[in-house]
Amino acid sequence: MVLSVTEKSYLHESLASVPPARPDGRKADQFRPIEVFTDFLPASNGSSKVVASDGTECLVSVKCKVVDHAVEEDLVVVDVDIAGHRDDSGFVQGIASTLSKVLSTQLDRSCLRLTKKYSFKLYIDVLVLSSFSHPLTLISFAVYSALNSTQLPKLISSDDDLDVAELPTFHDYDFVKLNVSVPLLFTLAICGKNVLVDPASNESDVANNGILVTWNNGKATAPIRTLGLNEDYVSGVSPQSLQDSIKMIEQVAPEVLQALGGI
Amino acid sequence: MAIQRKRLSDGLTVTQKVFVRSRGGGATKIVREHYLRTDIPCLSKACKKCVEIAVPGPDNELPKFVLSAEPGELSTVGKHYVVLDANIVLQAIDLLENPTCFTDVIVPQIVLDEVRNRSYPVYTRLRTLCRDSDDKKRFTVFHNEFSEFTYVERSNDETINDRNDRAIRRTCVWFSEHLKPYGIHVVLVTNDRLNRELTEKDGIIAKSLLEYVDLLPNADIIKDALPNLEVNRSKDKDVEAKSEFKFPEYYSTARVMGGIRSGVLYQGSVQISEYNFLEGFVSLPNFSKPVLILGQKNLNRAFNGDQVVVELLPQGEWKAPSTVAIDSEHFDVNDNADEDEEENVEAEVISDKQRRLLAQDAILAQKSSKTQPTARVVSITRRSWRQYVGQIAPTSIDLQTGGTQNAFVILMDKCLPKIRIRTRRAKELLNKRIVIAVDSWPDTYKYPLGHFVRELGEIESVQAETEALLLEHDVEYRPFSKKVLDCLPAEGDDWKAPVDLSSPEAIAKDHLLPKRRDLRDKLICSIDPPGCVDIDDALHAKKLPNGNWEVGVHIADVTHFVKANTPLDAEGASRGTSVYLVDKRIDMLPMLLGTNLCSLKPYVDRFAFSVLWELDENANIVNVDFTKSVIKSREAFSYEQAQLRIDDESQKDELTQGMRALLQLSIKLKQKRLDAGALNLASPEVKVHMDSETSDPGEVEIKKLLATNSLVEEFMLLANISVARRIYEAFPQTAMLRRHAAPPATNFETLNEMLQLRKGMSISLESSKALANSLDRCVDLEDPYFNTLVRIMSTRCMMAAQYFYAGAYSYPDFRHYGLAVDIYTHFTSPIRRYCDVVAHRQLAAAIGYEPLDLNHRDKNKMDFMCRNINKKHRNAQFAGRASIEYYVGQVMRNNESVETGYVIRVFHNGIVVLVPKFGVEGLIRLENLTDDEPSAQFKAEEFKLSFTPKGAEQIKDVYIFDKVSVQVKSVLDPVTSKRKAQLLLE
Amino acid sequence: MSRLEIYSPEGLRVDGRRWNELRRLECSINTHANASDGSSYLEQGNNKVITLVTGPQEPKLRSQMNVTKATISVALNITRFSKIERSKSSHKNERRVLEMQTALVRTFEKNVMLHLYPRTQIEIQIHVLQQDGGLMSSLINGITLALIDAGIAMYDYISGVSIGLYDTTPLLDLNSVEENAMSSVTLGVVGKSEKLSLLLVEDKIPLDRMESVLAIGIAGSHRIRELMDKELRKHGERRLANMST
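You'll find chain B entered in an unreviewed UniProt entry as Ribosomal RNA-processing protein 44, with Lachancea thermotolerans given as the organism. For the record of chain B, the UniProt heading Sequence similarities (unreviewed entry) holds the text "Belongs to the RNR ribonuclease family." Looking at the Cofactor (unreviewed entry) heading of the UniProt record, one finds this comment for chain B: "Mg(2+)".

The name an unreviewed UniProt entry assigns to chain A is Ribosomal RNA-processing protein 42, from the organism Lachancea thermotolerans. You can read under Sequence similarities (unreviewed entry) in the UniProt record for chain A the words "Belongs to the RNase PH family."

Here is the structure:
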């Protein structure tokens, strides 16, 4: 829904007031409800579907391939497809490159290691069916649950193949659960001095700026940076807001992880 | 992993099968839907319930209930059906085919699938047993994997084999309960002890194959045919077989695959040297010459023709190819202490990096030195095992013992090792040709284990020898089945071509008739070898008003009778070719067609497929046309008769004029072909004359060639080429064609070296033209036969021509090197070659006569067909040659003589001599050449063997190509019982 | 040589069905109410397809406007992960995909009462999440359901099914293993009639076998129509029940 200038200005003021009055009545650190489904694509090694209450829906498939890790540098490939946006648009590419960077640098490569020569390469394909608010958080939740439900084929040949080459051979039935720490990406909206988690689409429209905070292994990690949520209200970010954002994530992230882990 | 089942409707439930396919180092997760049902019948005639649940197929036919209501009774078991596991099927398929046992058998689907994956031929045989169930033998497949009552899910940590065994047990339990009301029991036959124990826990009878056979009334006879496996025999103290000897273990699949991918192991098929059964070659893609494999341990149980994986041996063990001739008959195990092979046991830890360097050295070594890289077999990908013919080695058995004993069987194929079998009839089988099957070759046994299948008859009896020969060359010689014969026209020999092509009754019977052209007015005749009954082709020529010639080649219209997708067609496709033996012809198609309905006999109307050209004076094609036709041959000539008729100047009739024209045109055609570089190669072809009364072979004659031979040949070539172009145009992907690749220069290396050294000649390989010319130049003025000899030896260096479908190669590779044409096929002998049948169908479709069957438009099916007919074609040639060899042996039995021979190979311990008169060649061993073996000298680089002949003082040098007089006599080898020509130097 | 018997002499197919049996077909509509005007989720065997319909609405480009009737567009997204092996390409703008889109537009143009919605556009977006043979038929069924959910007037259901010919036996509703082993035909059948709105023959099929192939295809399509109809009615009842409470 497109808001009028007056509506926007009213909304902005409400959000900037202390404490913030969010249109859906949420607290600043409250997420909207989401539904998460996993393992609904049996042909993939891991899959998940996350649906937000506003209808934003994100599907993730994880497939694996055996590669010679001396030849292939990248063991994690992320591909993002957002319905209604061209694949080469700045929006899609921005999200894709952020995700790629975070996942390929922060996923522990040793979890994918099979033998001295071969590793699994993961293909993480993201499909956003419909997006109303900025989908990055939702995508990150979906990737998190997909990777945590990923089952990889079980190696049965020897893992020492440096001197005497062996072609990796796998068990025909058994899988091993992928055990890897997956970073989460949180988007926050800044309105005045307030920091709001999980901004809804109307909140994003009037936010002064967005902040992306990455959370991995129990702490906030790089990248932490700003994220343009709209074109009208953009202003600079104060160091205080940045600190507030990190603090807020430090508070909520453990709960979010617990919630996602319980699936 | 929890897998859900979902009920779809009454009797249909769906679940998922999830598994990992690990192929080529990848790991792909595969998910397939799997439907379970309740309407799979037990197919027992006793059962009253299943009749009601059985569902008709698309043709509205209900499944046949075949298992007998009163199956065989056994003492401790009672009335029973047998359930088999996959290993029993794979090991004992011969026994299962035996009509006197295994009468009512249930094959669980999981077993069938496993058999299919492990051996397609055995699968086909099992399926045939199921298809041909009758009142004697009844086999059924029970689809346990699709039945809701018998499907089992894999539990965690269960191996696939355990799961499948459990599925088989579940099937047994279901059947056993299902059949309880009718008093029929189920017996699971499996050699897996653990599985038997678990089965018995379920209350089902389980037996090993041996235990089961022991229960049979005719156990004594059948026991001989039991597969010979180590498991069976571990209890009897068979220590003599097990020595300290042990073959190296094969590598794991992971290692083999990894090694092949990283280029340190290689895959290829082993070819055992025909002169030395302990020496093999493997042709490998990166190497210019085949790599040598020397000795028993390095061959590591590989049979001739097996697909194997090899690894190069360290440089220190590279050797020159042996210059010794050894065959299994003369090779005594006990003399051979394997002294040279023990040292390489520790040579294991060579890293892949070093191996790659080794490979580079090996490739270099092949180019330069005489020392050749050697390799050893580390894994066998596919066995070429089949049934073999041989005979029991008399020395290997004890005539005193009555009971079961071990015996060695020496195979007719001298590239193969002897086989150990266990039999109680050793004494009886002595001096008989017997068929055996190979079962296993455990690494602690020096020789492979096998079992007796059946006997063919006395050694040297014509019937046994002929059958042996057909079996050895995998020729199907059993009479045509009823199903096949049912496809023949009901009129049989009385079938007649319709007199009037436009009569409504005739058209009602054959709606394609109006598309046939009436050529009965043409003066057509056929020219064939004397006594030929299956006349494939006939010709005619007629002068046209414009001065050009109308020439017609008419080929028997076999596809009018052999329609695609009939049992008759399937039989023809599987036989692939007729096989011509000296005294016997094994037909591809039933006699009625070959020698009557299709045969273009004179004086009667016959259907034909005609190629009609307009040729100008110089035999250039002005126009070509193809049509189905009706013809009436005016005369069937033999080559000689035709020659006489043409030469007889008093004959002025039109037919003779036509024949003369054909001859003139054929000479021009031949010249053109030769100018283009067609080769004129030679093989030592001989013909055995049979005494018509006693059918004893009389004398041997070298085949003569008349001008009329070449007349027919030229027009057949022309027809084949014209047809090839036409069907390729119509079916650029699946046209049935024939190609002949240019020989690689390496094939001619040795021959050229010999020629260079001995005669100062050489053969050029630049082009077929150059080759033809250089062959023409290889003339020894003093010996006119020398040229033929070189041609014979060159032929052996050539590649074999092969059938292929157009999509398999790119156009430039279609080339037929020997004939020097760009495209070629076989069209002119559909009675005796299946390729021609396909070409006929494709041509008929190309000219719009009738639509082409899908099988001939499907690349995969064409590929399968081409492989088969190539194999059958090769086998037929070998069988033919072997038959001649056998009869030549028989002829010489009566006439010992001294003949001229030529040395065509020189070994360290003997020479190989070819005797043109009989077309035979044989090895003359050093011990038969001289009394003083140690003083003999062999010079490999000069192809020379020097020795002191028996009874002489002077040293004699024998070189390659030397003309020698040899004494030819026929001897029966005491070990192989093979009669063959023995040559002795005069 | 296939590792499996495609059609055994006992009359069972690789997955255990008989020659004339459909795969499991499950569908639901109104699955993405927030994201579209009409939506459906369809599983036909292991095919999983989401279809979203937006419109009739004003075309984004004036050039797409037709003053007499609505225009239909189909955007087919075959995801990279939909097959067993992940594909390197995104399939967008592939010739095969463009052809499928055109075929789908043509099929539905004749069946939607386009004249009722002049100057508008009906956008159909399809996401193929998983495929296992007979994709085209699943797409047809998915679109039919989503169009109905969007409340767009149609003359009748279009139900799709693929039929293969194995030697001489026609096999209904092929999975991918079967599809690779034989030539096949895809049908789109209008309602309970024998009218075909789509007939796709991608390989060679002998003409004399075509009749039997079509016959079982039409029968199969009718069964699919029934299954879809049943689901729609169930959905309708549920909605009514929700409204009254």
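The discussion continues.
### Regarding the overall build of chain B
Scanning chain B from N- to C-terminus turns up 28 helices and 39 strands. Taking 2.2 N^0.38 as the reference for a compact globule, 986 residues should give roughly 30 Å; the C-alpha atoms of chain B span a radius of gyration of 32 Å, in line with that estimate. Each of the three principal axes of chain B carries a C-alpha extent, and together these read 90 × 90 × 60 Å. Counting all 986 residues of chain B, 41% fall into the buried class. Expressed as a percentage of contacts within chain B between residues at least 6 apart in sequence, the contacts between residues at least 24 apart total 66%.

### Some thoughts on the UniProt feature "domain: PIN" (unreviewed entry) in chain B
The residues that UniProt annotates with the feature "domain: PIN" (unreviewed entry) are residues 80-197 of chain B. Helix makes up 50% of residues 80-197 of chain B and strand 17%. Its end C-alpha atoms lie 19 Å apart.

### Topic: the sheet that holds strand β1 (residues 6-9) of chain B
Residue and element names in this part refer to chain B. Here we have 3 strands laid out as an open sheet, ordered β1-β2-β3, and antiparallel in their pairing. Only two strands of the sheet have a single neighbouring strand rather than two, namely β1 and β3 (28-37). On average, each strand axis in the sheet is inclined to that of its neighbour by 35°, with strand direction left out of account. Summarising the sheet, β1 and strand β2 (residues 12-21) pair through 3 bridges and their orientation is antiparallel. Within β2, the position partnered with Ser9 by the bridge is Leu12.

### As for the interface of chain B and chain C
With 26 residues of chain B in contact, the opposing surface of chain C contributes 23 residues. When residues of the side of chain B that touches chain C are traced back to their parent elements, those giving at least two are β1, β3, α3 (109-118) and α4 (120-131) of chain B. Looking at which element gives the most residues to the side of chain B that touches chain C, the answer is β3(B), with 9 residues. Of the residues in the side of chain B that touches chain C, the class split is 14 nonpolar, 5 polar and 7 charged.

### Remarks on helix α2 (residues 135-149) of chain C
Compared with an ideal rise of 1.5 Å per residue, which puts 15 residues at 21 Å, α2(C) spans 21 Å between its outermost C-alpha atoms and is within 8% of the ideal. Once α2(C) ends, the next one or two residues include Gly151(C), with phi positive near 75°.

### Some words on the interface of chain B and chain A
Taken residue by residue, the interface counts 23 residues in chain B and 20 residues in chain A. Every element with two or more residues in the side of chain B that touches chain A is listed here: β2, β3 and α10 (253-261) of chain B. The leading source of residues in the side of chain B that touches chain A is α10(B), at 7 residues. The residue inventory of the side of chain B that touches chain A, partitioned by class, reads 9 nonpolar, 9 polar and 5 charged.

### Considering the nonpolar core
Ranked by size, the top nonpolar core spans 233 residues in total, and within it Val83(B), Val310(B), Val409(B) and Leu737(B) carry the most contacts. Ranked by residue count, the leading element in this core is helix α27 (residues 859-894) of chain B, at 13 residues. Counting 125 residues, the second-largest nonpolar core is a separate cluster that includes Leu114(A), Val213(A), Ala150(C) and Met182(C).

### Comments concerning the packing of helix α2 (residues 86-97) of chain B against α3(B)
Residue and element names in this part refer to chain B. Their axes nearest at 8 Å, the elements α2 and α3 cross at an angle of 50°. Between α2 and α3, the interaxial angle falls into the category oblique. For the element pair α2 and α3, the recorded crossing hand is right-handed. Every residue of α3 that contacts α2 at Ala86, Val89 and Leu90 is listed here: Val111, Glu114, Val115 and Arg118. The class makeup of the residues in the contact of α2 with α3 is 5 nonpolar, no polar and 2 charged.

### Concerning the UniProt feature "domain: Exoribonuclease phosphorolytic" (unreviewed entry) in chain A
Following the UniProt record, one finds the feature "domain: Exoribonuclease phosphorolytic" (unreviewed entry) at residues 30-153 of chain A. This span, residues 30-153 of chain A, is 24% helix and 38% strand, and a straight line between its end C-alpha atoms measures 38 Å.

### Description of unusual backbone geometry
Look at the link from Val18(A) to Pro19(A): it is a cis peptide, with omega at -10°. Here Pro19(A) is to be found in the loop between α1 (5-16) and β1 (34-38). The phi dihedral of Asp198(A) falls on the positive side, at around 45°, and the residue is not glycine. Even without a glycine there, the phi angle at Asn431(B) is positive, about 65°.

### As for the environment of Leu41(A)
Mapped onto the secondary structure, Leu41(A) falls in the loop between β1 and β2 (46-52). For the pair Leu41(A) and Val60(A), spaced 19 residues apart in sequence, the C-alpha separation works out to 9.4 Å. If we ignore the near neighbours within four places in the chain, the residues touching Leu41(A) are Ser47(A), Ser61(A), Leu129(C) and Gln130(C).

### A word on α2(B)
Judged by how many residues are buried, α2(B) sits mostly within the fold: 9 of 12 residues are covered. Residues Ala86(B), Asn87(B), Ile88(B), Val89(B), Gln91(B), Ala92(B), Asp94(B), Leu95(B) and Leu96(B) constitute the buried set of α2(B).

### Considerations on the sheet that holds strand β10 (residues 209-216) of chain A
Residue and element names in this part refer to chain A. On the basis of which strands lie adjacent, the open sheet formed by 4 strands has the order β9-β8-β10-β11 and antiparallel pairing. Bordering the open sheet on either side are β9 (194-197) and β11 (219-227), each of which pairs with just one other strand. In this sheet, adjacent strand axes meet at a mean angle of 30° when their direction is disregarded. By the bridge criterion, 7 bridges tie strand β8 (residues 184-191) to β10 in an arrangement that is antiparallel. Looking across to β10, one finds that Leu185 is bridged to Thr214.

### Concerning the pairing of β9(A)
Burial along β9(A) is two-sided: Asn194(A) and Leu196(A) facing one way and Val195(A) and Val197(A) facing the other are all buried. Between β8(A) and the antiparallel strand that follows it, β9(A), lie 2 residues; Gly192(A) among them carries a positive phi value of about 60°.

### What to know about the packing of α2(B) against α4(B)
All names here are of chain B. The geometry of α2 relative to α4 is characterised by a closest axis approach of 10 Å and an angle of 40° between their N-to-C directions. For the element pair α2 / α4, the angle class is oblique. When the axes of α2 and α4 are compared, the crossing they make is left-handed. Contact residues: α2 offers Val89, Leu90, Ile93, Leu96 and Glu97, while α4 offers Val122, Arg125, Leu126 and Leu129. When grouped by side-chain class, the residues that make up the contact of α2 with α4 number 7 nonpolar, no polar and 2 charged.

### Here we look at the confidence of the model for chain B
Residues and elements named next belong to chain B. Chain-level pLDDT for chain B is 84 on average; 90% of the residues reach the 70-or-more range. Note on residues 231-242: pLDDT is under 50 here. Beyond four places in sequence and across chains, it has 8 contacts. Confidence over residues 332-347 falls short of pLDDT 50; this stretch has 8 contacts with residues more than four positions distant or in other chains. ipTM for the predicted complex: 0.95, alongside a pTM of 0.78.

### A look at the environment of Asp224(B)
Residue and element names in this part refer to chain B. Mapped onto the elements, Asp224 comes out in the loop between α8 (219-223) and α9 (230-233). For Asp224, a count of 18 C-beta atoms within 10 Å corresponds to the partly exposed category. Separated by 89 residues in the primary sequence, Asp224 and Asp135 have C-alpha atoms spaced 25 Å apart. Once residues lying within four places of it in the same chain are set aside, the contact partners of Asp224 are Thr423, Arg424, Arg425 and Phe452.

### Side note on the environment of Asn875(B)
Residue and element names in this part refer to chain B. Among the structural elements, Asn875 can be located in helix α27. Separated by 55 residues in the primary sequence, Asn875 and Ala820 have C-alpha atoms spaced 25 Å apart. Those residues in contact with Asn875 that lie beyond four places of it in its chain are His473, Asp474 and Val475.

Reading the values: rules and limits
- Residues numbered from 1 in each chain as written.
- Chains lettered and ligands numbered in written order.
- Predicted model: local features only at pLDDT ≥ 70, side-chain atom pairs only at ≥ 80, totals over all residues.
- UniProt positions renumbered as here; feature names shortened; annotations may be inferred.
- Helix = DSSP H or I, 4+ residues; strand = E, 2+ residues; numbered from the N terminus.
- Rg over C-alpha atoms; globule rule 2.2 N^0.38 Å.
- Buried ≥ 20, exposed ≤ 12 C-beta atoms within 10 Å, placed from the backbone.
- Contact = placed C-beta atoms within 7 Å.
- Pairing = 2+ DSSP bridges.
- Axes fitted to C-alpha atoms, helices over the stretch in contact; angles between N-to-C directions.
- Nonpolar A, V, L, I, M, F, W, Y, C, P; charged D, E, K, R; others polar.
- Expected span 1.5 Å × (residues − 1).
- Core = buried A, V, L, I, M, F, W, Y, C linked by C-beta atoms within 7 Å.
- Parallel < 35°, antiparallel > 145°, perpendicular 65-115°, else oblique.
- Left-handed = near helix turned anticlockwise from the far one by under 90°.
- pLDDT = per-residue confidence, 0-100.

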